[in-house]
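Listed here are the chains, written in short residue letters.
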Amino acid sequence: GYDMIQLCSKGPAEKLARTSYTQPAIFTVEAAITDVLKSRGITPNVAAGHSLGELSAWYAAGVYGFEDGFRLVSERGRLMDSVDPGGIGTMYAVIGLSREIVDDVCDAAGGIVVVANYNSPLQQVISGERDAVEKAGDVLKEKGAKRILPLKVSGAFHSPLMEKAGNSFKNFLEQVHFSDAEIP
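Structural notes, computed from the coordinates. If you're wondering where the values come from, they're calculated on a predicted model, not measured in any experiment.

### Description of the overall build of the chain
Then comes step 1: Of the regular secondary structure elements, the chain holds 8 helices and 4 strands.
Then comes step 2: Seen through its principal axes, the chain has C-alpha atoms that stretch 50 × 35 × 35 Å.
Then comes step 3: Burial analysis of the chain (184 residues in total) assigns 39% to the buried set.
Then comes step 4: Considering only contacts in the chain between residues 6 or more positions apart, those separated by 24 or more positions represent 70%.
Then comes step 5: With 18 positive and 23 negative side-chain charges, the chain shows a spacing of 5 Å between the two charge centroids.

So this is what it looks like as C-alpha cells:
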C-alpha cells in the first residue's frame, strides 16, 4: 500500500520511524543484500539475528521466501505499533555501567522499566513507560553512567508493554508455513 523505495529514500522520516514501516523497510533492505550476495555466489554458512534480525536470518537460511517474510515483518510491525498508539513507551541506551547496577535501578524505578538488551558488559538498553525510563536514566546518570542515550524508536520494545503484540503475533505465526532451514 506504499512505495518502499520512496519511503526509504525520501521519507517522511516520521513515517519511516514508526515500527510498522521501519520493520518492513529493514527486512526489505536485508533481503535485497542477501539476494545480491547469493546472486554473486556468496552464500552464508550460518544465519543469526536478534529481534527483527531473526526474521531476516530465517530468510537468509531459506525458511521462507521474500513475500512470506515481508508479510511476517509487516504484521509484526503493525502489531507492535498498535499496542502503544499514544507513544507512552521509549528506550534508552545506557553506557558505562554494569549489568547489576542497571538491573537494580530498573527494579527500583517504579512503573514499567526493564533491561531490554544486554549488548555488552558495559552497555545495556532499557525499555518501558517513558516516565519510568526517564527516571531510571536520571538515576543511572547519578550512579556514573558515561552516557544515557534516548533511542529513536516508536515503542518500548522488548518490554512488558509489547506482551499483547507478542501474543497476537504468536497466533499469526501459527498460520504460517516454515520450511526447514538450508543452513544453521
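Additional details are given in the paragraphs that follow.
### Thoughts on the environment of Leu52
Then comes step 1: By secondary structure assignment, the location of Leu52 is in helix H4 (residues 52-60).
Then comes step 2: Its relative accessible area of 11% is what places Leu52 among the buried residues.
Then comes step 3: Taking the C-alpha atoms as reference points, Leu52 and Val73, separated by 21 residues in sequence, lie 7.6 Å from one another.
Then comes step 4: When neighbours within four sequence positions are excluded, Leu52 is seen to be in contact with Gln23, Ile26, Val73 and Arg76.

### Focus on the sheet that holds strand E1 (residues 89-95)
Then comes step 1: Here 4 strands make up an open sheet; going across it, the order is E2-E3-E1-E4 and the pairing antiparallel. At either end of the open sheet lies a strand with only one pairing partner, and these are strand E2 (113-120) and strand E4 (147-150). The mean inter-strand angle of the sheet, taken between neighbouring strand axes irrespective of direction, is 25°.
Then comes step 2: Both E1 and strand E3 (residues 123-129) contribute to a ladder of 7 bridges, which runs antiparallel.

### Remarks on helix H6 (residues 99-108)
Then comes step 1: Taken together, the buried positions of H6 are Val102, Val105 and Cys106. Buried positions in H6, seen along its axis, are confined to an arc of 100° and lie on one side of it. Along H6, exposed side chains directed more than 90 degrees from the buried face belong to Glu100, Asp104, Asp107 and Ala108.
Then comes step 2: Looking at the buried residues of H6, the elements they touch are E1, E2, E3 and helix H7 (130-142).

### Quick word on helix H5 (residues 66-82)
Residue pairs spaced three or four apart in an α-helix point in one direction, given the helix's 3.6 residues per turn.
Then comes step 1: For H5, spanning 17 residues, the distance from its first C-alpha to its last is 24 Å, which sits close to the expected 24 Å at 1.5 Å a residue.
Then comes step 2: Within H5 the residues assigned to the buried category are Gly69, Leu72, Val73, Glu75, Arg76, Gly77, Leu79, Met80 and Asp81.
Then comes step 3: Contacts from the buried residues of H5 go to helix H3 (19-39), H4 and helix H8 (163-173).

### Digging into the nonpolar core
Then comes step 1: Counting 22 residues, the largest nonpolar core has Phe27, Leu55, Tyr64, Leu72 and Phe169 as the members making the most contacts within it.
Then comes step 2: With 4 residues, the single largest contributor to this core is H5.
Then comes step 3: If we ignore the near neighbours within four places in the chain, the residues touching Tyr64 are Phe27, Leu55, Trp58, Tyr59, Gly69, Leu72 and Phe178.
Then comes step 4: By size, the runner-up hydrophobic cluster in this structure holds 16 residues, among which are Leu97, Val105, Cys106 and Val133.

### Considerations on the packing of H5 against H8
Then comes step 1: At their nearest, the axes of H5 and H8 sit 9 Å apart, and the two run at 155° to each other. With respect to each other, H5 and H8 are oriented roughly antiparallel. For the crossing formed where H5 meets H8, the hand is right-handed. Facing Arg71, Leu72, Glu75, Arg76, Leu79 and Met80 of H5, the residues of H8 in contact are Ala165, Ser168, Phe169, Phe172 and Leu173.
Then comes step 2: Residues that form the contact of H5 with H8 fall into these classes: 7 nonpolar, 1 polar and 3 charged.

### Considering the pairing of E1
Then comes step 1: For E1, the buried fraction is high: 6 of the 7 residues fall into the buried class.
Then comes step 2: Taken together, the 4 bridges between E1 and E4 define a ladder with antiparallel strand orientation. From the neighbouring strand, Ala93 faces E4, where its bridge partner is Leu149.

Scoring rules and cut-offs
Residues numbered from 1 in each chain as written. Predicted model: local features only at pLDDT ≥ 70, side-chain atom pairs only at ≥ 80, totals over all residues. Heavy atoms only, no water. Helix = DSSP H or I, 4+ residues; strand = E, 2+ residues; numbered from the N terminus. Buried < 20%, exposed > 50% of the residue type's maximum accessible area, 1.4 Å probe, protein only. Contact = heavy atoms within 4.5 Å. Lys, Arg positive; Asp, Glu negative; His and termini not counted. Charge placed at Lys NZ, Arg CZ, Asp CG, Glu CD. Pairing = 2+ DSSP bridges. Axes fitted to C-alpha atoms, helices over the stretch in contact; angles between N-to-C directions. Arc of directions from axis to C-beta. Expected span 1.5 Å × (residues − 1). Core = buried A, V, L, I, M, F, W, Y, C linked by side-chain atoms within 4.5 Å. Parallel < 35°, antiparallel > 145°, perpendicular 65-115°, else oblique. Left-handed = near helix turned anticlockwise from the far one by under 90°. Nonpolar A, V, L, I, M, F, W, Y, C, P; charged D, E, K, R; others polar.

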